[in-house]
Amino acid sequence: MNDIAMTKTPLQKLLSLRRISATQIANDTGLGYHAVQKTIKNQRHSSRIRSAIAQYLDLGYEDLWGEQAADYLKELIRHEIDKKTATTAHHLTQKFLD
């Protein structure tokens, strides 16, 4: 694993897997880019911005920002990895075996 992936927050990793950027969230919610970016990186703690991000992702506030958030996000990351693995396997099967 490279150093960049190791320093990302679980939320950053989830967004990366889902191909969602801070710019996209900012544009779609009307929030400032830097406020969104800093909140995703867990460098700012505005409850207003956190609520907007949670709502945008259709997740609960506590799921993203509560005490158990890291564990919950790891499960979501595992789910995204499983989905991508299944999709890749399906495409390869179609390409080479069908």
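About the cut-offs
Residues numbered from 1 in each chain as written. Predicted model: local features only at pLDDT ≥ 70, side-chain atom pairs only at ≥ 80, totals over all residues. Heavy atoms only, no water. Core = buried A, V, L, I, M, F, W, Y, C linked by side-chain atoms within 4.5 Å. Buried < 20%, exposed > 50% of the residue type's maximum accessible area, 1.4 Å probe, protein only. Helix = DSSP H or I, 4+ residues; strand = E, 2+ residues; numbered from the N terminus. Contact = heavy atoms within 4.5 Å. 1 Å grid on protein atoms, 1.4 Å probe; cavity = no way out; pocket = protein on both sides within 12 Å on 5 of 7 lines; lining within 4 Å. Points joined across faces, edges and corners; volume = space filled by probe spheres on them. Nonpolar A, V, L, I, M, F, W, Y, C, P; charged D, E, K, R; others polar.

1. Thoughts on the nonpolar core
For soluble globular proteins, nonpolar side chains are generally found buried alongside one another. In terms of nonpolar packing, the biggest core is built from 22 residues, with Leu 11, Val 36, Ile 40, Ile 53, Leu 57 and Leu 64 touching the most fellow members. Residue assignment for this core shows that the elements contributing at least two residues are helix H2 (10-18), helix H3 (22-29), helix H4 (33-40), helix H5 (47-56), helix H6 (61-65) and helix H7 (69-96). It is H5 that contributes the most residues to this core, 4 residues altogether. Sequence-distant contacts of Leu 11, that is, excluding residues within four places in its chain, are made with Ile 40, Leu 57, Leu 64, Trp 65 and Leu 73.

2. Observations regarding the layout of surface pockets
Of the pockets and cavities examined, the largest pocket occupies roughly 160 Å³. Around the largest pocket sit Lys 8, Gln 12, Leu 15, Ser 16, Ile 20, Ser 21, Ala 22, Gln 37, Ile 40 and Lys 41, which together line it. Contributions of two or more residues to the lining of the largest pocket are made by H2 and H4. In terms of residues, the lining of the largest pocket owes the most to one element, H2, which gives 3 residues. Across the lining of the largest pocket, the residue classes tally to 4 nonpolar, 4 polar and 2 charged.

3. Here we look at the environment of Thr 7
Structurally, the position occupied by Thr 7 is in helix H1 (residues 3-7). For the pair Thr 7 and Gln 68, spaced 61 residues apart in the sequence, the C-alpha separation amounts to 19 Å.

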